Amino acid sequence: MREGHREALAQAITWVESTLPEHQERIAQLLEEVGTPALRSKRLGITGIPGAGKSTLIERFGMEAVQRGHKVAVLAIDPSSTRTKGALLGDKTRMHDLSMEPHAFVRPTSASGTLGGVARATAEAILLCEAAGFDMVLVETVGVGQSEVAVREMVDIFVLTLIGGAGDDVQGIKRGVVEMCDVLLIHKADGEHIPSCQKTAAAYRQALHLFPLPPSGTAAEVMLASSLTGEGHDKLWSHLMDLETAWRASGWWEVQRKTQAAQAMHRHAKQLLVDHHMHHRQAQWEALEQQLAQRNTGAFAAARAWVNEALKANEGNQS
Ligand SMILES: Nc1nc2c(ncn2[C@@H]2O[C@H](COP(=O)(O)OP(=O)(O)O)[C@@H](O)[C@H]2O)c(=O)[nH]1
Ligand SMILES: [Mg+2]
């Protein structure tokens, strides 16, 4: 992987996505060998509704980044994958040109399972890509549901792509998502779309005044771009680089990485504990579910009872 064999990276990511204990064990060892992630990499998250042009943006932006001397990895998460077989991310996820580019690695994730599992897999895949020498990681996620929250917690800069003319309600974008992003990119600003994109940009610039300042201390920037013409891409690039420079200088870059690592540790520890106890106390869990179904107990009381029993059994084992 370190020598730049992309098949090796692809294989490792397959293990990351697997739920088999032996694969998870292998990944744990691999990540230990990889060591502490380098701060010098850049992690960008790109969200927005299906059809906003995220994949097209990433393909063009990724090629530009390669031309600027970067090695670019693209990870795409589709939370709907189990139901719609990844339909939300669409065909463009294959990113034809970028996939052929030797200095790029494109990995659409059609991982099944819980969002928690997919989020862990993506976070670990980022570390593996960086270990394989990719200094820029782009994560595409669909701006519906909870996956953008998970992605926000694993990237340095978060970009929301919007289409001009359509209202918030139409685009299904929740206020919470707008609050999480560093750049609001009004996308497809080309040809006849330009006036409506400008209108949408003005509306968002107005609205953003009412939003609290994000923890980075930098208000979100509203920008226009087209990934058909390439218009706005240079500006987007220099804005992202300016953000990085400013945040490295202010210390926010490192603070955010540390916070994210702590969040990941918390999430993963919780998951491991539940998995462990579920493995050993499956029968009790099912009995409580029965009682719950028969309305003999409440959800919270049942959860407490199960945890208390698991803890007691644990103490018994230790003494
Ligand atoms: N006019 C225009 N169309 C675009 C642009 N970017 C993407 N598209 C088109 O929008 C559609 C959806 O693009 P895609 O990248 O798959 O969107 P995603 O679902 O957000 O990943 C495709 O037909 C693209 O060709 C753009 O900048 N301008
Ligand atoms: Mg897509």
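Just so we're clear, the structure is a prediction, and the values are computed from it rather than from any experiment. (Residues numbered from 1 in each chain as written. Chains lettered and ligands numbered in written order. Predicted model: local features only at pLDDT ≥ 70, side-chain atom pairs only at ≥ 80, totals over all residues. Heavy atoms only, no water.)

1. Considerations on the side chain of R257
- As for its placement among the helices and strands, R257 is situated in helix 12 (residues 252-280).
- When neighbours within four sequence positions are excluded, R257 is seen to be in contact with A38, L39, S41, K42, R43 and D156. (Helix = DSSP H or I, 4+ residues; strand = E, 2+ residues; numbered from the N terminus. Contact = heavy atoms within 4.5 Å.)

2. Brief notes about the nonpolar core
- Residues L9, I13, L128, C129 and L184 are the most contacted members of the largest nonpolar core, which totals 42 residues.
- Looking at which element gives the most residues to this core, the answer is helix 6 (residues 115-131), with seven residues.
- Not counting residues within four places of it along the chain, the set of residues in contact with L184 comprises L160, L162, V178, Y204, L208, A220, E221, V222 and M223.
- Counting 29 residues, the second-largest nonpolar core is a separate cluster that includes V66, M136, L138 and W253. (Core = buried A, V, L, I, M, F, W, Y, C linked by side-chain atoms within 4.5 Å. Buried < 20%, exposed > 50% of the residue type's maximum accessible area, 1.4 Å probe, protein only.)

3. Structural notes on the sheet that holds strand 5 (residues 157-163)
- Spatially, 3-2-4-1-5-6-7 is the arrangement adopted by the seven strands of the open sheet, whose pairing is parallel. Edge positions in the open sheet fall to strand 3 (104-109) and strand 7 (221-224), since each of these has one partner strand only. Neighbour to neighbour, the strand axes of the sheet diverge by 20° on average, direction disregarded.
- In terms of strand pairing, strand 2 (residues 72-77) meets strand 3 through six bridges, oriented parallel. Along strand 3, the bridge assignment pairs V72 with A104. (Pairing = 2+ DSSP bridges. Axes fitted to C-alpha atoms, helices over the stretch in contact; angles between N-to-C directions.)

4. Some thoughts on helix 2 (residues 21-34)
- In this model helix 2 runs 20 Å from its N-terminal to its C-terminal C-alpha over 14 residues, within 8% of the 20 Å that 1.5 Å per residue would give.
- Every buried residue of helix 2 is accounted for by H23, I27 and L31. Buried positions in helix 2, seen along its axis, are confined to an arc of 70° and lie on one side of it. Exposed residues lying more than 90 degrees from the buried face of helix 2 are P21, E22, E32 and E33.
- Buried-residue contacts for helix 2 involve helix 1 (6-17) and helix 6.
- One or two residues past the end of helix 2 sits G35, with phi positive at roughly 80°. (Expected span 1.5 Å × (residues − 1). Arc of directions from axis to C-beta.)

5. Re the packing of helix 1 against helix 6
- Two numbers describe how helix 1 lies on helix 6: the axes approach to 9 Å, and their chain directions differ by 160°. The orientation of helix 1 relative to helix 6 falls into the category roughly antiparallel. Where helix 1 crosses over helix 6, the two elements pack in a sense that is right-handed. Packed against helix 1, whose contacting residues are L9, A12, I13, V16 and E17, the element helix 6 presents R120, A121, E124, A125, L128 and C129 at the interface. (Parallel < 35°, antiparallel > 145°, perpendicular 65-115°, else oblique. Left-handed = near helix turned anticlockwise from the far one by under 90°.)

6. Brief notes about the site of ligand 1
- Every one of the 17 residues lining ligand 1 counts as a neighbour, but G51, K54, T56, D190 and S227 are closest to it.
- A52 is positioned such that a nitrogen or oxygen atom in its backbone is 3.3 Å from an oxygen atom of ligand 1.
- Interatomic distance of 3.5 Å between a side-chain N/O atom of S226 and an oxygen atom of ligand 1.
- Taking 580 Å² as the accessible area of ligand 1 by itself, protein coverage stands at 80%.
- Element by element, the count of residues in the shell around ligand 1 is highest for helix 3 (residues 54-67), at three residues.
- Taken together, the residues of the shell around ligand 1 sort by class into five nonpolar, seven polar and five charged. (Near = heavy atom within 4 Å. Polar contact = N/O pair within 3.5 Å; in protein donor to acceptor, adjacent residues only side chain to side chain. Areas by Shrake-Rupley, 256 points an atom, 1.4 Å probe, with all protein chains shown as cover. Nonpolar A, V, L, I, M, F, W, Y, C, P; charged D, E, K, R; others polar.)

7. Structural notes on the packing of helix 13 (residues 282-293) against helix 14 (residues 299-318)
- Between helix 13 and helix 14, the least distance of the axes is 10 Å, while the angle of their chain directions is 160°. Judged on the interaxial angle alone, helix 14 and helix 13 are roughly antiparallel. For helix 13 against helix 14, the interelement crossing comes out right-handed. Contacts between helix 13 and helix 14 involve Q284, W285, L288 and L292 on the former and, on the latter, A299, A302, A305, W306 and E309.

8. Thoughts on the pairing of strand 6 (residues 183-187)
- Counting buried residues in strand 6 gives five out of five residues, a clear majority hidden from the surface.
- Across five bridges, strand 5 lies against strand 6 in parallel orientation. Bridge pairing links I163 to H187 in strand 6.
- Of the strand pairs in this sheet, strand 6 and strand 7 are connected by four bridges, and their pairing is parallel. Bridging from a neighbouring strand, L185 pairs with M223 of strand 7.
- Handedness of the β-α-β unit built from strand 6, helix 10 (residues 194-208) and strand 7 comes out right-handed. (Right-handed = clockwise from strand over helix to strand, strands pointing away.)

9. Comments concerning the environment of V255
- Within the secondary structure, V255 sits in helix 12.
- Along the backbone, V255 and S216 are 39 residues apart, and their C-alpha atoms lie at a distance of 9.4 Å.

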